[in-house]
Amino acid sequence: MTETLSAAPPAATAEPIVDMRGISIEFPGVKALQDVDFRLFPGEVHALMGENGAGKSTLIKALTGVYSVDSGVTRLAGRPVTFSGPAAAQDAGISTVYQEVNLCTNLTVAENILLGREPRRFGAIDARAMRVRAAELLDRIGLDIDPVSVLGSHPIAVQQLVAIARAVAVDSHVLVLDEPTSSLDSDEVAELFRTMRVLRDNGVAILFVTHFIDQVYEISDRMTVLRNGRLVGEYATAELSRIGLVSAMIGRELGELEEVERLATHDTAERSAPPVLRAKGLGRSGAIEPFDLEINPGEVVGLAGLLGSGRTELARLLFGADRADSGRVEVGGNPLHLRGPRTAIAAGIAFCSEDRKGEGLIPDLSVRDNLVLAMQAARGWTRPIPRRVKNELVESYLETLDIRPRDPDALIRNLSGGNQQKVLLARWLVTKPKLLILDEPTRGIDVGAKAQIQKLVAELAAEGLAIVFISAELEEVVRISDRIVVLRDRRKVAELAGPDVGVDEVMDLIASGEPERERAAS
Amino acid sequence: MKTELRSAPVRPGAASGTRPRPRVPSRFVPVLATFALFLATFGAGSLRYEGFASGQVVANLFIDNTFLIVLAVGMTFVILTGGIDLSVGSVVALSTMVTASGLQAGWPVPVVILAVLALGSVFGLLMGLVIHYFDIQPFIVTLAGMFLARGLCFVIDVESISIKNETFRDLATGIIELPGGVSITYGVVVALLVVAVAVYVLHQTRFGRTVYAVGGSESSAMLMGLSTARVKVGVYAISGFCSALGGLLFALYMLSGYGLHAVGMELQAIAAVVVGGTLLTGGAGYVLGSVIGVLMLGTIQTIISFEGTLSSWWTMIVVGVLLLVFIVMQRAILRRQARH
């Protein structure tokens, strides 16, 4: 790989290509941005940092014309601009790649790259020229796929790179990448960074949003930090330490993270009560092979394994979302015939889905309504919850879970990812479950909120709740769990307990499928 | 350091590069299935009945369904965007009514044709504008359009008006001789022309590709900077135009205008489109599929008329079963794709 070592960005000398001053945006009940300044220079990679709810997405959408600003001025190359929509911003040379792939999966790769600016001959789309041009662009970002294949036939990561090829296809001066790496693996991230460096050296200004701090230090030249919709500061990456960055983002010292570690490794000793849930030979063909599992009160059981190893499938069986075709389940010592989620809920099992947008929350309802949904369902529709009780309940959860904004009437869709997750959690907690299954509760959530959720899990377990915790982040699972179930290729391969379980041991199991000791013996 | 667990790194090219053998892309499967079924049905008819497998029977499939082909083409545009147009049958009736009464009043034929086409296009355009700018379900807007157009027929006249204009009758009865003793009407030429133009527009123009993009994901299409508004309104104008043209062809076929013409024809058109492999959710399908869908419906009718003893109600029963089979089949294909 030939990489040009670029000089420090010409921050002091050159004119910024994007200069946003005093930007404020307000949604019903939420001040998303307050008086934020932002500068982006040609030929730099600029990281936009902040916790969930800090206003990163809002700022990007203000820049790309998706939202209109309530006050403030945006200058593009010195001229004040207001964009009527994404198309106008694109025409002005600002291309955006969003976190969720915003392409059409029913069209071909070439069409997705060039739609709206297809090469034409006599008014008709020139299919051959289009194929050639798309192949060039794919080549430019180092992606080797057939341009005439249907986009939907490729994995999400490839679709994301196609989105970047599309953004590169326009001769844009400004490229906005809104968490493009969240679905890429490390090789693909390296590929993306190589592309970003090439573009930067060609004078493109790149605005980069990510949650991965390592990536920020690897790629960015400068960064802007936001917190709670306000500007914290603008820094040169080389001059800001990681600790400095994190404390600028979360606005408090890092003690909280360490506190979790201590909280999580509480004792797993004396237990006289029967397990909350006992599964014997539970399995479903094609999803997960039969497994045994016991979950005791006050215990956090972590599920570790690669993507597709059967983590979510196991959880869905426990919740009755998928029906098992072998084995049986006992809840509190009594056999339970799991016919579906309703039976599971009635037996005190709660399940927070990994897809909080699609399967969990109702975006157009308020925090209060979302919160009491499950409780109301449990009470039956004929017994409305008195408004006073509702308010007290909601207030107390807003307080304990530190949900921001602390406004029960704010619409869920206006909340950040971390806060949405907390509302979802609260919704199940109000039903007072005995077993809580959390599938990737911290995915796509920033450091601060992550720590809060981990801490919350530890506290809930200390109060006697049994918890199944699923996460792709192994360190998180190890830190938080009393016991770890390791899954590999849709099979439970081991169960590890005790305070001395380390990440390496779990990794080894995931990689080999058998404990180290046994291999050493053979 | 963060230990992010993911499945083994997939080389981007691996998925497409290691395709086991060249096979039919799954997006063509529904159309090909319909085509195979059409051939099988036609083959079955040929075996069972003397004189079924003649060129003229095939030509008649087109002659008797010119209007339905044109309607199905317009409907395909609408359904590809994820919409629906329930007004087409009523617009056909209104068009026959305007044609008949216009000719009765002594308007020249070209004026009548232009007036009807303009009327249908504007009608569709207005519905499209309401659907897009007020963000109302296409189902309800075109349902309103359906009642409105049907009602307008009876404002013109409650009785059937027969068409006596000589030029128009000549157009209706004129035939084109093809080699092999097969003859077709002018209407067939018009319908095939419409199909050809539609295929061109959908596959070779930016408008057409945007139709597919909007059907695939409207929000993505918007964020990609495509002119979704123009497409969403445009498809209803196209459908309106096709309905008016279908009405003219229907008037040629029936040589009369009547407010009760083409009752339920919108559903036949939708059935043809769906049987032709177009997804009701939008984004996938082909005009040629819709044409085969119409021919399929036509073949069933022909078989029933050859049988002689079967009541025409059997057409509906068979069409109903077919529709069900196709929708289930489409769902099965989608499921299989999702599992990959």
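Residues numbered from 1 in each chain as written. Chains lettered and ligands numbered in written order. Predicted model: local features only at pLDDT ≥ 70, side-chain atom pairs only at ≥ 80, totals over all residues. Heavy atoms only, no water.

In the nomenclature of an unreviewed UniProt entry, chain B corresponds to Monosaccharide ABC transporter membrane protein (CUT2 family) from the organism Prauserella shujinwangii. As stated in UniProt under Subcellular location (unreviewed entry), the record for chain B gives "Cell membrane". (UniProt positions renumbered as here; feature names shortened; annotations may be inferred.)

If you check an unreviewed UniProt entry, chain A appears there as Monosaccharide ABC transporter ATP-binding protein (CUT2 family) from Prauserella shujinwangii. Heading Subcellular location (unreviewed entry) of the UniProt record for chain A holds this comment: "Cell membrane".

## Some thoughts on the packing of helix α4 (residues 66-80) of chain B against helix α14 (residues 287-307) of chain B
Two measures define how a pair of helices packs: the angle their axes make with one another and the distance between the axes. Residues and elements named next belong to chain B. For the pair α4 and α14, the least separation of the axes is 9 Å and the interaxial angle reads 145°. Classified by chirality, the crossing of α14 by α4 is right-handed. Contacts between α4 and α14 pair L68, I69, A72, V73 and T76 from the former with V287, S290, V291 and V294 from the latter. Here the residues of the contact of α4 with α14 are counted per class, giving 7 nonpolar, 2 polar and no charged. (Axes fitted to C-alpha atoms, helices over the stretch in contact; angles between N-to-C directions. Helix = DSSP H or I, 4+ residues; strand = E, 2+ residues; numbered from the N terminus. Left-handed = near helix turned anticlockwise from the far one by under 90°. Contact = heavy atoms within 4.5 Å. Nonpolar A, V, L, I, M, F, W, Y, C, P; charged D, E, K, R; others polar.)

## Description of helix α4 (residues 127-140) of chain A
Residues spaced three or four apart along an α-helix point in a common direction, a consequence of the helix completing one turn every 3.6 residues. All names here are of chain A. End to end, α4 covers 20 Å across 14 residues, agreeing with the expected 20 Å (1.5 Å per residue, within 8%). Looking at α4, one finds that the buried residues are M130, A134, L137 and L138. Summarising the axial view, the buried residues of α4 lie within an arc of 100°, below the 170-degree limit, and thus occupy one face. Among the exposed residues of α4, those pointing more than 90 degrees away from its buried face are R128 and D139. Tucked inside the fold, the buried residues of α4 contact α3 (109-114), β8 (124-125) and α5 (156-169). (Expected span 1.5 Å × (residues − 1). Buried < 20%, exposed > 50% of the residue type's maximum accessible area, 1.4 Å probe, protein only. Arc of directions from axis to C-beta.)

## As for the nonpolar core
Judged by nonpolar contacts, the single largest core of 138 residues is most densely connected at I113(A), L143(A), V162(A), L177(A), M196(A), I206(A) and F168(B). Per-element tally for this core: the top contributor is α4(B), with 12 residues. The next biggest cluster of nonpolar side chains, apart from the first, holds 68 residues, and it includes I288(A), V301(A), L371(A) and I453(A). (Core = buried A, V, L, I, M, F, W, Y, C linked by side-chain atoms within 4.5 Å.)

## What to know about the pattern of salt bridges
Residue and element names in this part refer to chain A. One pass over the full model with this rule turns up 25 salt bridges over all chains. Among the ionic pairs, R21 bridges to D19, the shortest N-O distance being 3.3 Å. Note on D19: relative accessible area 13%, which makes it buried. One continuous salt-bridge network, built from bridges that share partners, spans R39, E44, R222 and E234. (Salt bridge = Lys/Arg side-chain N within 4 Å of Asp/Glu carboxyl O.)

## A closer look at the confidence of the model for chain A
All names here are of chain A. Chain-level statistics for chain A give a pLDDT mean of 80 and a share of 88% at 70 or above. No element of chain A has a lower mean pLDDT than helix α19 (residues 516-521), which averages 43, and none a higher one than strand β3 (residues 45-49), which averages 92. Predicted confidence is poor over residues 253-260, with pLDDT under 50, and the contacts of this stretch with residues over four places away or in other chains come to 10 contacts. Long-range and interchain partners of residues 264-270, a stretch whose pLDDT sits below 50, account for 9 contacts in this model, where long-range means more than four residues apart. (pLDDT = per-residue confidence, 0-100.)

## Description of the environment of L460(A)
All names here are of chain A. The residue L460 is located in helix α16 (residues 447-462) in this model. According to the relative accessible area criterion, L460 is buried, its value standing at 13%. Each C-alpha atom, one on L460 and one on L429, is 9.4 Å from the other, the two residues being 31 residues apart in sequence.

## Topic: a nonpolar patch on the surface
Residue and element names in this part refer to chain B. Taken together, the side chains of V122, L125, L126, L129, V130, Y133, F134, I136, F139 and I140 define a hydrophobic patch exposed on the protein surface, amounting to about 920 Å² of accessible area. Those elements that place two or more of their residues in the nonpolar patch are α6 (109-133) and α7 (138-156). Broken down by element, the residue count for the nonpolar patch peaks at 6 residues, all from α6. Here I136 shows up in the loop between α6 and α7. I136 gets classed as partly exposed once you look at its relative accessible area, which sits at 32%. (Patch = residues over 30% accessible without salt bridge, like charges linked within 9 Å, V, L, I, M, F, W, Y side chains within 5 Å. Areas by Shrake-Rupley, 256 points an atom, 1.4 Å probe, with all protein chains shown as cover.)

## A look at the packing of helix α5 (residues 88-104) of chain B against helix α12 (residues 228-254) of chain B
All names here are of chain B. Relative to each other, α5 and α12 sit at 50°, their axes nearing to 7 Å. Put simply, α5 runs oblique to α12. Between α5 and α12 lies a crossing of right-handed hand. On α12, the residues touching V88, V91, V92, S95, T96 and T99 of α5 are S239, G240, S243, A244, G246, G247, L248, F250 and A251. Each residue belonging to the contact of α5 with α12 can be placed in one class, and the counts come to 7 nonpolar, 8 polar and no charged. (Parallel < 35°, antiparallel > 145°, perpendicular 65-115°, else oblique.)

## Observations concerning the sheet that holds strand β16 (residues 326-331) of chain A
Residue and element names in this part refer to chain A. If you trace the 4 strands from one edge of the open sheet to the other, you get β14-β13-β16-β17, paired in antiparallel fashion. Pairing within the sheet leaves two strands with one partner each, and these edge strands are β14 (288-295) and β17 (334-336). Each neighbouring strand pair of the sheet contributes to a mean axis angle of 25°, computed without reference to strand direction. With 5 bridges connecting them, strand β13 (residues 277-284) and β14 associate as antiparallel partners. (Pairing = 2+ DSSP bridges.)

## Things to note about the packing of aromatic side chains
Residues and elements named next belong to chain B. Counted according to the given criterion, the structure contains 12 aromatic pairs over all chains. The interplanar angle of 65° and the centroid separation of 4.9 Å between the aromatic rings of F52 and F306 together place this pair among those described as edge-to-face. Note that F52 is positioned in the loop between α2 (29-48) and α3 (55-63) and F306 in helix α14, a separation of 254 residues in sequence. You can call F306 partly exposed: its relative accessible area is 32%. Chaining the aromatic ring pairs together yields one cluster made of F35, F38, F42, Y49, F52 and F306. A cation over an aromatic ring shows up here: R209 above the ring of Y212, its NZ or CZ 4.6 Å from the ring centre. (Phe/Tyr/Trp six-rings, centres within 6.5 Å; stacked < 30°, edge-to-face > 60°. Lys NZ or Arg CZ within 6 Å of the ring centre and 35° of its normal.)

## Here we look at the pairing of strand β1 (residues 18-27) of chain A
Residues in a regular strand project their side chains so that they alternate between the two faces of the sheet. Residue and element names in this part refer to chain A. Counted residue by residue, β1 has 8 buried out of 10 residues, so it is predominantly covered. Relative to strand β2 (residues 30-40), β1 runs antiparallel, the two sharing 7 bridges. The partner of M20 across the bridge, within β2, is F38. Bridging between β1 and strand β4 (residues 71-76) involves 5 bridges; their strand directions are antiparallel. The residue bridging M20 from the neighbouring strand is T74, located in β4.

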